Amino acid sequence: MIVAAGQFAVTPDWKTNALTCVELMAQAAQQQASLLVLPEALLARDDADPYLSVKSAQRLDGDFLRLLLDESRLNSMTTVLTVHVPSMEGRAVNTLVVLCRGEIVAQYAKLHLYDAFNMQESARVDAGSILPPLIEVDGMLVGLMTCYDLRFPELALSLALAGAQLLVLPAAWVRGPLKEQHWATLLSARALDTTCYMVAAGECGNKNIGQSRVIDPQGVTIAAAAEAPQLIYADVTAARVTQTREKLPVLQNRRFAPPQLL
């Protein structure tokens, strides 16, 4: 099946961002993509206000997702992205949503909050407490992750042991010394840890690196973007996963018990 990852610079205006998402969805569907992954925290972003995403939070039945769901009704493509959903006054949940045929078919509250590199996501965001579900797209099982989750191999391994053949990762990977190297290394590592495809979409504003990628189960980059807005595509197959797992049966050869959520 064809998978796509779309990156763009999120603006302070949620309507502008929604229309950009709709445009990317239409383009990906026109190219017969079965799966589109968009970046993290798409409602609003402002370099001068690190909490605008939380301040702009909308319910899942709000106007932002309504526009995307209207576009989703026009095809059978599955779209993955994250938005902030209000939890209590001044706080929100960084929520990954999966859209298909005009419905929200799955959701996941980000487990690992970005309290690192002098940033503190948990100051305004509530962490999830439940492992993400698997979804099925054209016969392949897909595991859900969000940005900082990438640094925690236990989550990727849990999804692979549950049956995932492909992992998706909406992200807003912050620029900084060695951060691009971390991004590339960790994406390949998680693909190799799990013998899964990785489809990662990164926000590409002034503070984030973009660099969306599709990595195959043997850690090979098969599609990549740079720092500018772009929509990338790759063809993925269950056969490639099966062949890799026959040659590299790390999921069977491991000597540790499956990870448990604390």
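Residues numbered from 1 in each chain as written. Predicted model: local features only at pLDDT ≥ 70, side-chain atom pairs only at ≥ 80, totals over all residues. Heavy atoms only, no water.

Asks: Break down the overall build of the protein for me, citing the residues and quoting the values.
Replies: When you go through the protein residue by residue, the secondary structure sums to seven helices and twelve strands. Taking 18 Å as the expected radius of gyration for a compact globule of 262 residues, we find that the protein reaches 17 Å, a close match to that expectation. Overall size of the protein, expressed as C-alpha extent along the three principal axes, is 50 × 40 × 30 Å. Taking all 262 residues of the protein together, the buried fraction comes to 53%. Taking as baseline every contact in the protein between residues at least 6 positions apart, the subset at least 24 positions apart corresponds to 68%. Per element, the accessible surface of the protein, about 11500 Å² overall, is 52% carbon and sulfur. Charged side chains of the protein number 21 positive and 26 negative; the gap between the two group centres comes to 5 Å. (Helix = DSSP H or I, 4+ residues; strand = E, 2+ residues; numbered from the N terminus. Rg over C-alpha atoms; globule rule 2.2 N^0.38 Å. Buried < 20%, exposed > 50% of the residue type's maximum accessible area, 1.4 Å probe, protein only. Contact = heavy atoms within 4.5 Å. Areas by Shrake-Rupley, 256 points an atom, 1.4 Å probe, with all protein chains shown as cover. Lys, Arg positive; Asp, Glu negative; His and termini not counted. Charge placed at Lys NZ, Arg CZ, Asp CG, Glu CD.)

Asks: Tell me about the environment of I232, residues and numbers included.
Replies: Here I232 is to be found in strand 12 (residues 230-235). Along the primary structure I232 and A172 are separated by 60 residues, whereas in three dimensions their C-alpha atoms are 17 Å apart. Beyond its immediate sequence surroundings of up to four residues, I232 is in contact with V3, A4, A5, S212, R213, V214, A223, A224 and A225.

Asks: Run through the UniProt feature "domain: CN hydrolase" (unreviewed entry) in the protein, naming residues and quoting values.
Replies: Using the residue numbers shown here, the UniProt feature "domain: CN hydrolase" (unreviewed entry) corresponds to residues 1-238. Here residues 1-238 runs as 24% helix and 29% strand, with 9 Å between its end C-alpha atoms. (UniProt positions renumbered as here; feature names shortened; annotations may be inferred.)

Asks: Can you break down the packing of aromatic side chains residue by residue, with the values?
Replies: In the structure shown here, the tally under the stated rule is three aromatic pairs. Between the aromatic rings of Y114 and Y148, the centroid separation amounts to 5.3 Å while the plane-to-plane angle is 75 degrees, which identifies the pairing as edge-to-face. In this pair, Y114 sits in the loop between strand 5 (103-109) and strand 6 (134-137) while Y148 sits in the loop between strand 7 (140-144) and helix 4 (153-161), placing the two residues 34 residues apart along the sequence. Overall, the relative accessible area of 13% leaves Y114 in the buried class. The class for Y148 is buried, based on a relative accessible area of 11%. With 5.1 Å between their ring centres and 50 degrees between their planes, W173 and W183 make a pair best called tilted. One end of the pair, W173, is in the loop between strand 8 (166-171) and helix 5 (179-194); the other, W183, is in helix 5, and ten residues separate them in sequence. The exposure class assigned to W173 is buried, which follows from its relative accessible area of 4%. Cluster of aromatic residues (ring-pair linked, three or more members): Y114, Y148 and F152. Between R124 and the ring centre of Y51, over which it is positioned, the NZ or CZ distance is 4.3 Å. K179 extends its terminal NZ or CZ atom over the ring of F117, reaching a point 4.8 Å from the ring centre. (Phe/Tyr/Trp six-rings, centres within 6.5 Å; stacked < 30°, edge-to-face > 60°. Lys NZ or Arg CZ within 6 Å of the ring centre and 35° of its normal.)

Asks: So what's going on with empty space enclosed by the protein? Which residues, and what values?
Replies: Summed over all chains, the structure comprises two cavities of 30 Å³ or more. Taken together, Y114, C147, R151, A172, W173, V174 and K179 make up the lining of the largest cavity. Partitioned by chemical class, the residues of the lining of the largest cavity number five nonpolar, no polar and two charged. For the second largest cavity, the full set of lining residues is L43, Q58, R59, G62, F64, L65 and V83. Here the residues of the lining of the second largest cavity sort into four nonpolar, two polar and one charged. (1 Å grid on protein atoms, 1.4 Å probe; cavity = no way out; pocket = protein on both sides within 12 Å on 5 of 7 lines; lining within 4 Å. Points joined across faces, edges and corners; volume = space filled by probe spheres on them. Nonpolar A, V, L, I, M, F, W, Y, C, P; charged D, E, K, R; others polar.)

Asks: Could you give an account of the layout of surface pockets, with specific residues and numbers?
Replies: Its volume calculated, the largest pocket comes out at about 580 Å³. At three residues, helix 2 (residues 52-55) tops the list of elements feeding residues into the lining of the largest pocket. Of the residues belonging to the lining of the largest pocket, the class tally is eleven nonpolar, five polar and nine charged. Of the voids in this model, the second largest pocket is the one considered here, and its volume is about 200 Å³.

Asks: Tell me about the packing of helix 1 (residues 14-30) against helix 3 (residues 63-72), and please be specific about residues and values.
Replies: Two elements in contact, helix 1 and helix 3, have axes whose closest approach is 9 Å; the angle formed by their N-to-C orientations is 15 degrees. It follows that helix 1 is roughly parallel to helix 3 by the angle criterion. Crossing handedness for the pair helix 1 and helix 3: right-handed. On helix 3, the residues that touch W14, N17, A18, C21, V22, M25 and A26 of helix 1 are D63, F64, L67, L68, E71 and S72. (Axes fitted to C-alpha atoms, helices over the stretch in contact; angles between N-to-C directions. Parallel < 35°, antiparallel > 145°, perpendicular 65-115°, else oblique. Left-handed = near helix turned anticlockwise from the far one by under 90°.)

Asks: Let's hear about the sheet that holds strand 11 (residues 221-224): which residues, and what values?
Replies: Pairing between sheet strands relies on hydrogen bonds along the backbone, with the strands arranged either parallel or antiparallel. With mixed pairing, six strands are arranged side by side in an open sheet as 6-7-8-9-10-11. Each of the sheet's edge strands pairs with one partner strand only, and the pair in question is strand 6 and strand 11. Ignoring strand direction, the axes of neighbouring strands in this sheet form an average angle of 20 degrees. Note that strand 9 (residues 197-202) and strand 10 (residues 213-215) share three bridges and pair antiparallel. In the strand pairing of strand 10, M198 is matched with I215. (Pairing = 2+ DSSP bridges.)

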